[in-house]
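Residues per chain are reported as follows:
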Amino acid sequence: MTAGCAALICAALAGCANNAELREARPLGAFELGFNVVIADNAQTVPGSRTASEEELEAAITAEIERRFLRYDGGRLYHLGINVDGYVLAPPGIPILLSPKSALIVSVNVWDDTLGEKLTENAKQFTVLESFSTDAVVGSGFTMTAEEQLLNLAQNASAQIETWLSQNPDWFDYPIVTNPFEEGMTFEVDVTEIARGTETGEEGVPRPIRRPASS
């Protein structure tokens, strides 16, 4: 078991309240969601956890990021790249006093499309716990399906990311801008580059995040 998985177990046993509801939009200045890239191909879990597929993890988090962030229309595109590092989906059948909580660990990078640069020197890692509720008190493994647990974690992850972005207002301190690309233009993008924080191409030359697709 890796150190990351051990930390995840500790988080899962701790218990914590998270607010997944859509609050009033935060002051995110010029923020408008561009690419929303979630990669879960290296996600770890622990023995005894319910399991979720790579596709299920990516789909749940992608949907909740869109639900929360598509309401921002500041006019300047920012890309969110999210790696799923690990997760625990609490199983049923464990004595109530020892019931673990579900947890999710994600690492997030933020890119400014206009600058073609990554704003996060190092990815920001979040340990996300399931929301406190009557169900969670007795262990969500008894009362929720794995899909419901994953949805709860994805909602809480998007809420934590929103709070974090609001704590970095200098990233979004720009006037509303007009999309500089022609309407109908298509683009190519390396999604792994966005999610994992790769900034340079061949010979260390920085690459723009979004660029017109080759004809």
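The structure this text deals with has already been given above.
A brief look at the structure comes next. Per chain, the residues get numbers from 1 upward, laid out in the order the sequence is written. The predicted nature of this model means local features are confined to residues of pLDDT at least 70 and side-chain atom pairs, given and counted, to a pLDDT of 80 or more, with totals for whole chains, interfaces and linings taken over all residues. Side-chain metrics rest on all non-hydrogen atoms present in the structure, leaving aside hydrogens and water.

What follows deals with the packing of aromatic side chains. In this analysis, rings of Phe, Tyr and Trp, with Trp reduced to its six-membered ring, are considered paired at centre separations within 6.5 Å, and the interplanar angle assigns stacked below 30 degrees, edge-to-face beyond 60, and tilted for intermediate values. By the definition in use, this model includes nine aromatic pairs. On the numbers, 6.0 Å between centres and 90° between planes, the contact of Phe31 with Tyr72 is edge-to-face. With Phe31 in strand 1 (residues 31–39) and Tyr72 in the loop between helix 2 (54–69) and strand 2 (76–88), the pair connects residues that are 41 residues apart, well separated along the chain. Just as Phe31 is buried, Tyr72 falls in that class too. Their ring planes at 90° and their centres at 6.1 Å tell us that Trp171 and Phe172 sit as a pair that is edge-to-face. Every helix listed is a DSSP run of H or I at least four residues long, and every strand listed is a run of E at least two residues long, numbered separately from the N terminus. Note on classification: 1.4 Å probe, protein chains only; a residue is buried when its accessible area is under 20% of the maximum for its type, exposed when over 50%, partly exposed between these limits.

Think of a salt bridge as a Lys or Arg side-chain nitrogen and an Asp or Glu carboxyl oxygen that are within 4 Å of each other. This model, assessed by the stated rule, comprises four salt bridges. With a shortest N-O distance of 2.9 Å, Arg68 and Glu162 are connected by a salt bridge. Here the residue Arg68 occupies a position in helix 2, and Glu162 occupies one in helix 5 (residues 146–166), the gap between them amounting to 94 residues. Here Glu162 falls in the buried class, since its relative accessible area comes to 0%. Because the salt bridges share partners, they merge into one network encompassing Arg68, Arg71 and Glu162.

Looking now at the packing of helix 2 against helix 5. When two helices pack together, their arrangement is given by the angle between their axes and by how far apart the axes lie. For the pair helix 2 and helix 5, interaxial distance at closest approach is 9 Å and the crossing angle is 45°. By the angle between their directions, the pair helix 2 and helix 5 is classed as oblique. As helix 2 runs across helix 5, the sense of the crossing is right-handed. On helix 5, the residues that touch Glu56, Leu57, Ala60, Ile61, Glu64, Ile65, Arg67, Arg68 and Phe69 of helix 2 are Leu150, Leu151, Ala154, Gln155, Ser158, Ala159, Ile161, Glu162 and Leu165. When residue character is reported, Ala, Val, Leu, Ile, Met, Phe, Trp, Tyr, Cys and Pro are called nonpolar, Asp, Glu, Lys and Arg charged, and the others, Gly included, polar. Tallied by class, residues from the contact of helix 2 with helix 5 come to 11 nonpolar, two polar and five charged. Convention adopted: a line fitted to C-alpha atoms gives each axis, helices being fitted over their contacting stretch, and angles between N-to-C directions are expressed from 0 to 180 degrees. Orientation is classified from the angle alone, with under 35 degrees giving roughly parallel, over 145 giving roughly antiparallel, 65 to 115 giving roughly perpendicular, and any other angle giving oblique. Helix crossings fall into two classes, left-handed where the near helix is turned counterclockwise from the far one by less than a right angle and right-handed where it is turned clockwise. Any pair of residues with heavy atoms lying within 4.5 Å of one another is described as a contacting pair.

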